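Listed below are the residues making up each chain.
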There are 2 protein chains.
Amino acid sequence: MKILDFLQKEKIPFHDLGLYKEAFTHPSYANESHDYKKDYERLEFMGDAVLQLYVSKFIFKLFPTVPEGTLTTLRSKLVREESLARFSKELHLGELLYLGIGEEKSGGRERESVLANIFESFIGAVYLDCGEEEVLKILEQTIYKHVNDLDYDDITDYKTTLQEFMQADQRKTVTYQLLEASGSSNAPEFTVAAMMDDMRLGIGKGTSKKRAEQQAAKDALNKLAH
Amino acid sequence: MKILDFLQKEKIPFHDLGLYKEAFTHPSYANESHDYKKDYERLEFMGDAVLQLYVSKFIFKLFPTVPEGTLTTLRSKLVREESLARFSKELHLGELLYLGIGEEKSGGRERESVLANIFESFIGAVYLDCGEEEVLKILEQTIYKHVNDLDYDDITDYKTTLQEFMQADQRKTVTYQLLEASGSSNAPEFTVAAMMDDMRLGIGKGTSKKRAEQQAAKDALNKLAH
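Below, the structure is looked at part by part. (Residues numbered from 1 in each chain as written. Chains lettered and ligands numbered in written order. Predicted model: local features only at pLDDT ≥ 70, side-chain atom pairs only at ≥ 80, totals over all residues. Heavy atoms only, no water.)

1. Looking at the pattern of salt bridges
Residues and elements named next belong to chain B.
For step 1, the next point in the chain: Tallied over the full model, the rule gives 14 salt bridges over all chains.
For step 2, the next point in the chain: K38 is the salt-bridge partner of E22, the closest N and O atoms lying 3.8 Å from each other. Placement of the pair is E22 in helix α2 (residues 17-23) and K38 in the loop between α3 (27-32) and α4 (41-62), with a sequence separation of 16 residues.
For step 3, the next point in the chain: Of the charged contacts in the structure, one is a salt bridge between R111 and E103, with a shortest N-O distance of 2.9 Å.
For step 4, the next point in the chain: Classification of E103 by relative accessible area gives buried; the value is 19%. (Salt bridge = Lys/Arg side-chain N within 4 Å of Asp/Glu carboxyl O. Helix = DSSP H or I, 4+ residues; strand = E, 2+ residues; numbered from the N terminus. Buried < 20%, exposed > 50% of the residue type's maximum accessible area, 1.4 Å probe, protein only.)

2. Some remarks on helix α9 (residues 132-141) of chain A
Residue and element names in this part refer to chain A.
For step 1, the next point in the chain: For α9, every residue scored as buried is listed here: E134, V135, I138 and L139. Seen along its axis, α9 keeps its buried residues to an arc of 140°; they face one direction.
For step 2, the next point in the chain: The inward-facing, buried residues of α9 contact α4 (41-62) and α8 (112-130). (Arc of directions from axis to C-beta. Contact = heavy atoms within 4.5 Å.)

3. Here we look at the packing of aromatic side chains
For step 1, the next point in the chain: By the definition in use, this model includes 12 aromatic pairs over all chains.
For step 2, the next point in the chain: Ring geometry for F6 of chain A against F122 of chain A: centres 5.5 Å apart, planes inclined by 65°, an arrangement best described as edge-to-face. With F6 of chain A in helix α1 (residues 2-9) and F122 of chain A in helix α8, this pair connects stretches of sequence that are 116 residues apart.
For step 3, the next point in the chain: Judged by relative accessible area, which is 1%, F122 of chain A ranks as buried.
For step 4, the next point in the chain: Taken together, F6, F24 and F122 of chain A form an aromatic cluster joined through their ring pairs.
For step 5, the next point in the chain: Lying over the aromatic face of Y98 of chain B, K21 of chain B brings its terminal NZ or CZ to 4.7 Å of the ring centre. (Phe/Tyr/Trp six-rings, centres within 6.5 Å; stacked < 30°, edge-to-face > 60°. Lys NZ or Arg CZ within 6 Å of the ring centre and 35° of its normal.)

4. Looking at the relation of the copies chain A and chain B
For step 1, the next point in the chain: Its rotation angle being 179°, the transformation that places chain A on chain B also includes 0.1 Å of axial translation and leaves an RMSD of 0.2 Å. Interpreted geometrically, this transformation is the action of a two-fold axis. No C-alpha of chain A approaches the rotation axis more nearly than that of L53 of chain A, which lies at 3.2 Å. (Least-squares fit on C-alpha atoms with pLDDT ≥ 70 in both.)

5. Things to note about the sheet that holds strand β1 (residues 175-183) of chain B
Residue and element names in this part refer to chain B.
For step 1, the next point in the chain: Overall, antiparallel pairing links the 3 strands, which are arranged β1-β2-β3 in an open sheet. The strands lining the two open edges of the sheet, one partner per strand, are β1 and β3 (199-206). Neighbour-to-neighbour, the strand axes of this sheet turn through a mean angle of 20°, independent of strand direction.
For step 2, the next point in the chain: Bridge analysis of strand β2 (residues 188-196) against β3 gives 7 bridges, and the strand direction is antiparallel. Looking at the pairing, V192 lines up with G204 of β3.
For step 3, the next point in the chain: This element, helix α12 (residues 209-224), spans β1, β2 and β3 of the sheet and lies at about 135° to β3. (Pairing = 2+ DSSP bridges. Axes fitted to C-alpha atoms, helices over the stretch in contact; angles between N-to-C directions.)

6. What to know about the nonpolar core
The tendency in soluble globular proteins is for nonpolar side chains to be buried as a group.
For step 1, the next point in the chain: One finds Y54, F122 and I143 of chain A together with Y54, F122 and I143 of chain B to be the most contacted residues of the largest nonpolar core, which totals 102 residues.
For step 2, the next point in the chain: When neighbours within four sequence positions are excluded, Y54 of chain B is seen to be in contact with L53, Y54 and Y127 of chain A together with Y127, E132, V135, L136, L139 and Y144 of chain B. (Core = buried A, V, L, I, M, F, W, Y, C linked by side-chain atoms within 4.5 Å.)

7. Considerations on the interface of chain A and chain B
For step 1, the next point in the chain: With 33 residues of chain A at the contact, the number on the chain B side is 33 residues.
For step 2, the next point in the chain: Carbon and sulfur atoms make up 64% of the surface buried where chain A meets chain B, a total of about 2,800 Å² over both sides.
For step 3, the next point in the chain: When residues of chain A are sorted by the area they lose upon contact with chain B, R42, F45 and F60 of chain A head the list and together hold 30% of the total.
For step 4, the next point in the chain: In this assembly, chain A and chain B are joined by 0 salt bridges.
For step 5, the next point in the chain: For the pair chain A and chain B, the interface holds 10 residue pairs in polar contact (both at pLDDT 80 or more).
For step 6, the next point in the chain: Considering every element that reaches the side of chain A that touches chain B, the biggest residue donor is α4 of chain A, with 16 residues.
For step 7, the next point in the chain: Tallied by class, the residues present in the side of chain A that touches chain B amount to 16 nonpolar, 6 polar and 11 charged. (Buried area = accessible area lost by both parts, 1.4 Å probe. Polar contact = N/O pair within 3.5 Å; in protein donor to acceptor, adjacent residues only side chain to side chain. Nonpolar A, V, L, I, M, F, W, Y, C, P; charged D, E, K, R; others polar.)

Structure (structure tokens):
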């Protein structure tokens, strides 16, 4: 049985093999089968929640100063369908899938949404069968490893970092001053200065005030570091 | 300090008191304060994911046959703002809140959204500081206890139960036959029969075909049980 070989190869100390069969059964297979009526949807529900928690915890600790909004954006990038399908492919989970005849013909085994679903249901099965520790081993080989692929300019909150940097010396607040708003309404460009009292720390441009402020903070941090 | 008294009264074996201060600090307080810049939003992000997982696991095990869609509905009922605000009130978390002056005046301490947020941030802090076991103790006193308040007709999947009941004897599929669609488009009424081959097992009515099918399955189960 392919699933058994897979679990042994991946060194997963399984107890309930039935749970993994459930995790790898597409609804189309369960619909066509007379004697196997379970499918991966319940375990996918479970695995989704498992991923949310362990990805949240991971980025919460990795980025101790970024605000909640950035954590939310970051998490959704890490667990979006495209990412999960990629991990599924890396683990060759598609080969383990029980599919209905029609789904097989229409390419269900390679479909991104299906591959993402079975990554989740697989994680759900491992969590229920083996617990947190085994899940974390899989996440280390997949999601956690890919955190480095993210665009750090989206993640790093330069404004918070700058504020904290300045407060190490003095208890003052960095403010942001709009210097210029140009461009059209479709393609606006804002220029913002990061200020401490009357001192200009840095300047940044961006397509929104928020982005321009982040770039101004980044510029200030670069200057302060030299 | 109120938070310390609270943690001792609730017998929470805390390590990092600062984490609880963060969990009970409203953004309005952090904005006004010169020396305390953290607020509960990051821990709320964390706690939300903690609740999703442990509520998912709880209902997954409590309802071993209900389909994924029902689990999702059920989970969202258990963790919606109104429910979380209630648990917050039961634990008197509002009394521990650090609020800005304006928020205090405008009734922020009693606001449902704020109370729900600090239930989440509190759970986030307990999870990071003490781990899963302490979180589960709190959930047992709050969310898990309230599962019984839910409307079970919404939860129970009579169709799945009926199918499983019939399969105990024979490997056949229960089908559903639409007998009548009446009423107006605003208030439709469907009548459906649950069938096994030519045998009518039960009849049900509902405002959608899906509800009528569930009621037909419920009717069949009642008849089969007598």
